[in-house]
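Structure at a glance
Residue strings, one per chain:
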Amino acid sequence: MSQAPLDALRSAGTPVDLLSVSEREVFNALSPDEVAVLGSIQTRLNAVSAAVEGQVKDNQVNVLC
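All values reported here derive from a predicted model rather than from experimental measurement.

Cut-offs and rules
- Residues numbered from 1 in each chain as written.
- Predicted model: local features only at pLDDT ≥ 70, side-chain atom pairs only at ≥ 80, totals over all residues.
- Heavy atoms only, no water.
- Axes fitted to C-alpha atoms, helices over the stretch in contact; angles between N-to-C directions.
- Helix = DSSP H or I, 4+ residues; strand = E, 2+ residues; numbered from the N terminus.
- Parallel < 35°, antiparallel > 145°, perpendicular 65-115°, else oblique.
- Contact = heavy atoms within 4.5 Å.
- Nonpolar A, V, L, I, M, F, W, Y, C, P; charged D, E, K, R; others polar.
- pLDDT = per-residue confidence, 0-100.
- Salt bridge = Lys/Arg side-chain N within 4 Å of Asp/Glu carboxyl O.
- Buried < 20%, exposed > 50% of the residue type's maximum accessible area, 1.4 Å probe, protein only.

1. Concerning the packing of helix α1 (residues 4–11) against helix α2 (residues 21–28)
One way to put it is that α1 packs onto α2 with a least axis distance of 8 Å and a crossing angle of 95°. In terms of their interaxial angle, α1 and α2 are classed as roughly perpendicular. Together, Ala 4, Pro 5, Leu 6 and Leu 9 of α1 and Arg 24, Phe 27 and Asn 28 of α2 make up the contact between the two elements. Among the residues making up the contact of α1 with α2, the classes are represented as five nonpolar, one polar and one charged.

In structure tokens, the structure reads:
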């Protein structure tokens, strides 16, 4: 199975390596359109996270999964 969906999500900043094997399998089976939507959401979350991180100091990661 190709790792392209996981690579694309990883490039967008989604920490897919923190997911369980079964969760990675689900993300890896996404269609190109689904990956594009999730990648777009993750990119937008990352863009605003700097504004929020100053207000909240903890170990939570701003991710969609």
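2. Brief notes about the confidence of the model for the chain
Fine structural detail should not be taken from predicted coordinates in areas where pLDDT scores are low. Across the chain, the average pLDDT comes to 83, with 75% of residues at 70 or higher. Per-element confidence in the chain is highest for α2, whose mean pLDDT is 95, and lowest for helix α3 (residues 32–53), whose mean pLDDT is 86.

3. Details of the pattern of salt bridges
Scanning all chains against the criterion turns up two salt bridges. When the shortest N-O distance is used, the salt bridge between Asp 7 and Arg 10 registers 2.7 Å. Separated by three residues within a single helix, Asp 7 and Arg 10 lie in helix α1, roughly one turn from each other. In this structure Asp 7 comes out as partly exposed when scored by relative accessible area, which is 39%. On the basis of relative accessible area, Arg 10 is assigned to the partly exposed category, the value being 32%. Residue Asp 17 pairs with Arg 10 through a salt bridge whose shortest N-O separation is 2.9 Å. Relative accessible area serves as the criterion here: at 52%, Asp 17 is assigned to the exposed category.

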